[in-house]
Amino acid sequence: MSLSRRTFLAMTGSIAAVGAVAPQHAASADQARRLRLTARLSRAHLLEAGQPETAVWAYDGSVPGPTLHLRQGESIEAQLINQLPQPTTIHWHGLRIDNSMDGVAGLTQPAVQPGKTYFYRFAPPDAGTFWYHPHYRTWEQLARGLYGVLIVQEASPPAVDQDLIVGFDDWRIGENGQIDEASFDSMHDISHAGRLGNILTLNGKFSQDFEVLSGQRLRLRLLNAATARVVSVRFADHAPLVIALDGQPVSRPFAPRGNTILLAPAQRADLILDCDGEPGQTSSIEVDVGRETLVAGRLVYGTQRRQRANTLSEFPVLPANPMPTDINPDDASPVDLVMTGGARAPFPSAVYQGENLSIRELVRRHKKAWAFNGVVGFPDKPLAVFANGKTAVIKMVNRTAWPHAMHFHGHHVREIQHSAREPSPHWRDTIFMRPDETVTVAFNAHNPGRWMLHCHMLGHQRGGMSTWYEVG
Ligand code: C2O
Ligand code: CU
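The structure presented is a predicted model; accordingly, all values stated were derived computationally and were not measured.

### Topic: the confidence of the model for the chain
Of the residues in the chain, 92% have a pLDDT of 70 or more, and the chain-wide mean is 92. Long-range and interchain partners of residues 1-29, a stretch whose pLDDT sits below 50, account for 67 contacts in this model, where long-range means more than four residues apart.

Rendered as structure tokens:
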């Protein structure tokens with residue numbers, strides 16, 4: 001299914017700022033700031049002007065859900081109210097918090113039943129751009145609209161004129177303007193590239209204009225919230241610098257190759273973009289989605305220039321987060337994670353819930369098609385147990401014909417070896433892998449508990465690409 005080509009832009013007249021939960025004033029030290037998120041049925045205007053609204057599931061009724069603004073180290077208590085017809089949870093994607101707050105149904109907590117509520121209590125240790133979404137039937141609940149951006153503000157954020165969210169999502173919408181529900185469990189999608197959509201939204205809109213002024217400096221917080229689609233994003237006529245990836249600052253800001261930022265599902269990038277265009281100019285935000293390039297929004301320059309003299313520093317470098325980054329790969333024995341299955345290279349058989357089953361049986365009885373080390377997720381035993389404070393090394397081998405987005409809960413990881421290029425020096429919570437690539441990652445296993453490790457192309461996760469590791 002291809003995305004509809006959009007040759008003109010809907011005039012949304014929207015303002016650039018995304019709906020936000022205003023930070024309240026500092027709570028006293030012993031009292032956590034309270035947040036509340038209600039997961040419920042709602043409607044969203046995802047399509048072009050004149051098209052119908054789409055029934056969605058959404059936090060507080062909006063897609064994306066409210067942007068949560070937290071301060072680094074601040075204690076919060078977030079209440080989830082479940083008004084959905086299904087159980088749910090919230091996973092705080094990328095936050096290095098206590099394992100019991102990680103929100104994984106069946107691993108770190110029981111799912112929250114319809115009509116019930118649940119309290120999450122944590123203090124985010126790292127500043128950066130994160131997000132939240134359910135971890136129960138995620139391939140369906142995220143695709144129905146349940147997600148939001150979570151910003152943890154630095155103690156002294158870099159000086160910028162605007163701090164903007166640029167959140168991409170991809171939807172599969174039927175002729176009637178409604179979410180194609182029949183395909184949530186499509187075996188074809190599960191065994192191929194996942195459930196790709198036919199509508200791309202930016203901040204929940206068919207097209208979004210960001211109003212800027214010539215001379216302004218922007219901080220852009222990019223997120224790919226799609227369940228399967230990989231996006232490559234370009235800001236026409238502009239040359240942004242990457243200052244953070246997956247919530248962790250890069251040690252030196254860099255210009256991405258071709259001014260293009262590739263985001264696999266779940267990945268984020270923080271950019272600094274200097275508006276060096278002329279007053280009155282408009283520049284498109286272009287997204288490559290495979291064979292097509294779409295215009296997802298625009299930078300629309302006002303007729304004035306930025307008033308104040310430009311006193312912004314040359315390179316805004318974010319301070320590193322207090323994350324243990326000392327790794328000694330030579331001291332660790334690498335754990336293999338061999339990814340197999342999917343269309344074009346199916347395995348003959350694999351183990352599911354202790355039973356060795358043929359691919360035919362796995363597909364027919366369980367809608368499973370993928371395995372890690374010959375085991376179809378979600379196994380009783382962890383992939384590995386790592387000693388607390390020690391280096392963990394995982395060698396991920398993609399023996400499938402498909403790309404994957406391998407997401408680690410609880411820790412950010414760094415590539416130490418890559419079969420196709422120099423390993424990237426950046427800390428990430430989601431590693432994009434192409435077919436036939438082998439990527440070895442390492443991290444300091446400092447966060448005790450049971451952590452998931454799965455493909456964030458959620459049809460693949462649903463189809464078996466999920467496991468967990470333990471830090472003792
Ligand atoms: Cu974004 Cu296991 O999750
Ligand atoms: Cu995958």
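Having put the structure on the table, let's press on.
### Overview of the environment of R399
Mapped onto the fold, R399 is located in the loop between β26 (390-398) and β27 (404-408). Owing to a relative accessible area of 52%, R399 belongs among the exposed residues under this scheme. Taking the C-alpha atoms as reference points, R399 and A296, 103 residues apart in sequence, are found 34 Å from one another. Filtering out sequence-adjacent residues up to four positions away, R399 remains in contact with V338, M339, T340 and A345.

### Focus: the pairing of strand β17 (residues 268-274)
As a general feature of sheets, a regular strand has side chains that alternate between the two faces. Within β17, six of the seven residues are buried, leaving the element largely enclosed by the surrounding structure. As defined by bridge partners, strand β14 (residues 241-245) adjoins β17 across four bridges and the pair is classed as antiparallel. Bridging from a neighbouring strand, L245 pairs with A269 of β17.

### Points about the nonpolar core
Of all hydrophobic cores here, the largest spans 41 residues; its most connected members are L337, F386, I394, M396, M406, F408 and F443. For this core, the element with the highest residue contribution is strand β30 (residues 438-445), accounting for five residues. The contact partners of F408, leaving out residues within four places of it in the chain, are I394, M396, V413, D429, V441, F443, M452, L453 and Y469. Counting residues in hydrophobic clusters, the runner-up holds 29 residues, among them L164, L218, V289 and Y301.

### Some remarks on the packing of aromatic side chains
Per the counting criterion, the structure on display carries 11 aromatic pairs. Here the aromatic rings of W92 and Y120 are separated by 5.5 Å at their centres, their planes lie at 75°, and the arrangement is edge-to-face. Here Y120 lies in strand β6 (residues 117-122) and W92 lies in strand β5 (residues 91-93), a separation of 28 residues in the sequence. Across this residue pair, the class does not change: W92 and Y120 are buried. Each member of the aromatic cluster is reached from another via a ring pair, and the members are Y59, W92, Y118, Y120, F122 and Y132. Above the ring of W57, the side-chain terminus of R144 is found at 4.3 Å from the ring centroid.

### Considering the coordination of the copper ion (ligand 2)
Only H404 (ND1), C455 (SG) and H460 (ND1) from the protein reach the copper ion (ligand 2) as donors, at distances of 2.0 to 2.1 Å. Taken in chain order, the donor set of the copper ion (ligand 2) reads H-x50-C-x4-H. Taken together, the positions of H404 in strand β27 and H460 in helix α4 (residues 458-462) put the pair 56 residues apart, joining distant regions of the chain.

### Digging into the sheet that holds β14
The strand order across the open sheet formed by six strands is β10-β9-β12-β17-β14-β15, and the pairing between neighbours is mixed. What marks the edges here is a single partner per strand, and that holds for β10 (199-202) and β15 (248-254). Geometrically, the sheet is characterised by an average inter-axis angle of 20° between neighbouring strands, direction not taken into account. Note: strand β9 (residues 162-171) against strand β12 (residues 217-224), seven bridges, orientation parallel.

### Some thoughts on the layout of surface pockets
Regions of empty space are outlined by a rolling probe, equal in size to a water molecule, passed over the atoms. Approximately 890 Å³ is the volume attributed to the largest pocket. Along the wall of the largest pocket there are 30 residues; nearest its centre are F254, L262, R421, S424 and R428. For the lining of the largest pocket, the element with the highest residue contribution is strand β16 (residues 260-263), accounting for four residues. Looking at the lining of the largest pocket, its residues break down into 15 nonpolar, seven polar and eight charged. Each of two domains, domain 2 (162-314) and domain 3 (329-471), supplies a minimum of three residues to the lining of the largest pocket.

### Re the pattern of salt bridges
Considering all chains together, one arrives at 29 salt bridges under this definition. In this structure, D185 engages R462 in a salt bridge whose closest nitrogen and oxygen atoms are separated by 2.7 Å. Highlighted residues: D185 in the loop between β9 and α2 (187-191) and R462 in helix α4, separated in sequence by 277 residues. Exposure remark for D185: the relative accessible area of 23% places this residue in the partly exposed category. Taking relative accessible area as the criterion, R462 reaches 14% and is therefore assigned buried. R365 is the partner of E361 in a salt bridge, and the nearest nitrogen-oxygen pair spans 3.5 Å. On the criterion of helical spacing, the pair formed by E361 and R365 is a turn pair, its members being four residues apart in helix α3 (residues 359-366). Counted as one network, the salt bridges with shared partners bring together R137, E140, R144, E181, D185 and R462.

### Things to note about the pairing of β30
For β30, the buried fraction is high: eight of the eight residues fall into the buried class. As judged from the eight bridges shared by β26 and β30, these two strands associate in the antiparallel manner. Within β30, the residue paired with K395 across the bridge is T440. Where strand β28 (residues 414-418) meets β30, four bridges bridge the pair, whose relative direction is antiparallel. Following the sheet pairing, E415 is matched in β30 by V441.

### Considerations on the domain arrangement of the chain
According to the domain assignment, the chain consists of domain 1 (4-153), domain 2 (162-314) and domain 3 (329-471). Here the C-alpha centroids of domain 2 and domain 3 sit 28 Å apart. On the side of domain 3, 25 residues touch domain 2, which itself brings 21 residues to the contact. The contact between domain 2 and domain 3 buries some 2,000 Å² in all, and 61% of this surface belongs to carbon and sulfur atoms. On the domain 2 side of the contact with domain 3, M187, I190 and H192 bury the most area, a combined 26% of that side's loss. Counting every contact that joins domain 2 to domain 3 gives three salt bridges. Of the charged contacts in the structure, one is a salt bridge between D429 and R268, with a shortest N-O distance of 2.8 Å. Where domain 2 meets domain 3, there are 14 residue pairs in polar contact (both at pLDDT 80 or more).

Basis of the calculations
- Residues numbered from 1 in each chain as written.
- Chains lettered and ligands numbered in written order.
- Predicted model: local features only at pLDDT ≥ 70, side-chain atom pairs only at ≥ 80, totals over all residues.
- Heavy atoms only, no water.
- pLDDT = per-residue confidence, 0-100.
- Contact = heavy atoms within 4.5 Å.
- Helix = DSSP H or I, 4+ residues; strand = E, 2+ residues; numbered from the N terminus.
- Buried < 20%, exposed > 50% of the residue type's maximum accessible area, 1.4 Å probe, protein only.
- Pairing = 2+ DSSP bridges.
- Core = buried A, V, L, I, M, F, W, Y, C linked by side-chain atoms within 4.5 Å.
- Phe/Tyr/Trp six-rings, centres within 6.5 Å; stacked < 30°, edge-to-face > 60°.
- Lys NZ or Arg CZ within 6 Å of the ring centre and 35° of its normal.
- Donors = N, O, S within 2.8 Å, 3.2 Å for Na, K, Ca; no water.
- Axes fitted to C-alpha atoms, helices over the stretch in contact; angles between N-to-C directions.
- 1 Å grid on protein atoms, 1.4 Å probe; cavity = no way out; pocket = protein on both sides within 12 Å on 5 of 7 lines; lining within 4 Å.
- Points joined across faces, edges and corners; volume = space filled by probe spheres on them.
- Nonpolar A, V, L, I, M, F, W, Y, C, P; charged D, E, K, R; others polar.
- Domains from an automatic or database assignment.
- Salt bridge = Lys/Arg side-chain N within 4 Å of Asp/Glu carboxyl O.
- Buried area = accessible area lost by both parts, 1.4 Å probe.
- Polar contact = N/O pair within 3.5 Å; in protein donor to acceptor, adjacent residues only side chain to side chain.

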